[in-house]
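# Inside the fold
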Amino acid sequence: MNFIAWMIVACEIGFWVVIVLGLFTRYVLKKDKLGLFFLALTPVIDLILLIITGLDLYRGATATVPHAIAAVYIGISIVFGKSMINWADERFRYYVTKEGEKPLKLTGLDYSMHYLKGWGKHVLSYLIGAGILVGITFLIDDPSRTEALTNVLKLWTLVLGIDLIITVSYFIWPRKKTA
């Protein structure tokens, strides 16, 4: 595994570590401002990954799949980051501190609409990540060094289309309540 791949793993671990630290500090230690500080570090992690990946490519590295995944990760993190933090916050409050209501399990049209909003976020994260990939490809201006970026973009486009089909399927066959 190359350096960029390790950095993606480190950033993902760092993302969840600062979220858990933020929630623990906020709910267990009852220090709201310090908890908010930890939660606010999540975009800093994205910035670190962007800088490291950009520097690696600037120094002449041939783009690899991990370089492309870094762009995907950044797009997803920017768009889904807040909702992932809210998801973790809701579950931490209920399952760890035994406060608040049990997280709802959506069904029917509510679930379909929720999934449609998620697909909309997927489109936005795609636009951000694809913009980064296209921008890097344009700046490097050497197809032999950016082929991996183009291939990942093609794959992500396919995944986005499959996600749309899944989204539509939830309107045709809504998620049913389980006992």
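Our subject in this report is the structure included herewith. Keep in mind that what you see is a predicted model, and the values were worked out from it rather than measured.

### Quick look at the pattern of salt bridges
Oppositely charged side chains are able to pair whenever their charged atoms sit close together. Tallying each qualifying case throughout the model produces 4 salt bridges. Measuring nitrogen to oxygen at the nearest pair gives 3.3 Å for the salt bridge that ties Arg26 to Asp89. Of this pair, Arg26 sits in helix 1 (residues 3-28) while Asp89 sits in helix 4 (residues 65-96); the two residues are 63 residues apart in sequence, bridging distant segments of the chain. Arg26 gets classed as partly exposed once you look at its relative accessible area, which sits at 24%. With a closest N to O distance of 3.3 Å, Asp89 and Arg93 form a salt bridge.

### Things to note about the environment of Asp141
Residue placement: Asp141 occurs in the loop between helix 5 (108-140) and helix 6 (143-172). Linking Asp141 and Asp56, residues 85 residues apart in sequence, is a C-alpha distance of 15 Å.

### Some remarks on helix 4
Helix length check: helix 4, at 32 residues, gives a terminal C-alpha distance of 38 Å against a target of 46 Å (1.5 Å per residue), a shortfall beyond 12%. Its maximal kink placed at Phe80, helix 4 deviates by approximately 55°. Looking one or two places after helix 4, you find Lys98, whose phi comes out positive at around 60°.

### Some remarks on the nonpolar core
Generally speaking, a soluble globular protein has its nonpolar side chains buried in company with each other. Ile19, Leu49 and Tyr73 are the most contacted members of the largest nonpolar core, which has 35 residues in total. Contributing elements (two or more residues each) for this core: helix 1, helix 3 (42-58), helix 4, helix 5 and helix 6. For Tyr73, the contacting residues outside a window of four places in its chain are Cys11, Glu12, Phe15, Ile45, Asp46 and Leu49.

### Looking at helix 1
Here helix 1 is 26 residues long and its end C-alpha atoms lie 36 Å apart, about the 38 Å a rise of 1.5 Å per residue gives. Buried within helix 1 are the following residues: Ile4, Ala5, Met7, Ile8, Cys11, Phe15, Val18, Ile19, Gly22, Leu23, Thr25 and Tyr27. For helix 1, the capping residue at the N-terminal end is Asn2, with a side-chain oxygen 3.1 Å from the backbone nitrogen of Ile4.

Definitions and cut-offs
Residues numbered from 1 in each chain as written. Predicted model: local features only at pLDDT ≥ 70, side-chain atom pairs only at ≥ 80, totals over all residues. Heavy atoms only, no water. Salt bridge = Lys/Arg side-chain N within 4 Å of Asp/Glu carboxyl O. Helix = DSSP H or I, 4+ residues; strand = E, 2+ residues; numbered from the N terminus. Buried < 20%, exposed > 50% of the residue type's maximum accessible area, 1.4 Å probe, protein only. Expected span 1.5 Å × (residues − 1). Bend = angle between axes of the 7 residues up to and from the residue. Core = buried A, V, L, I, M, F, W, Y, C linked by side-chain atoms within 4.5 Å. Contact = heavy atoms within 4.5 Å. Polar contact = N/O pair within 3.5 Å; in protein donor to acceptor, adjacent residues only side chain to side chain.

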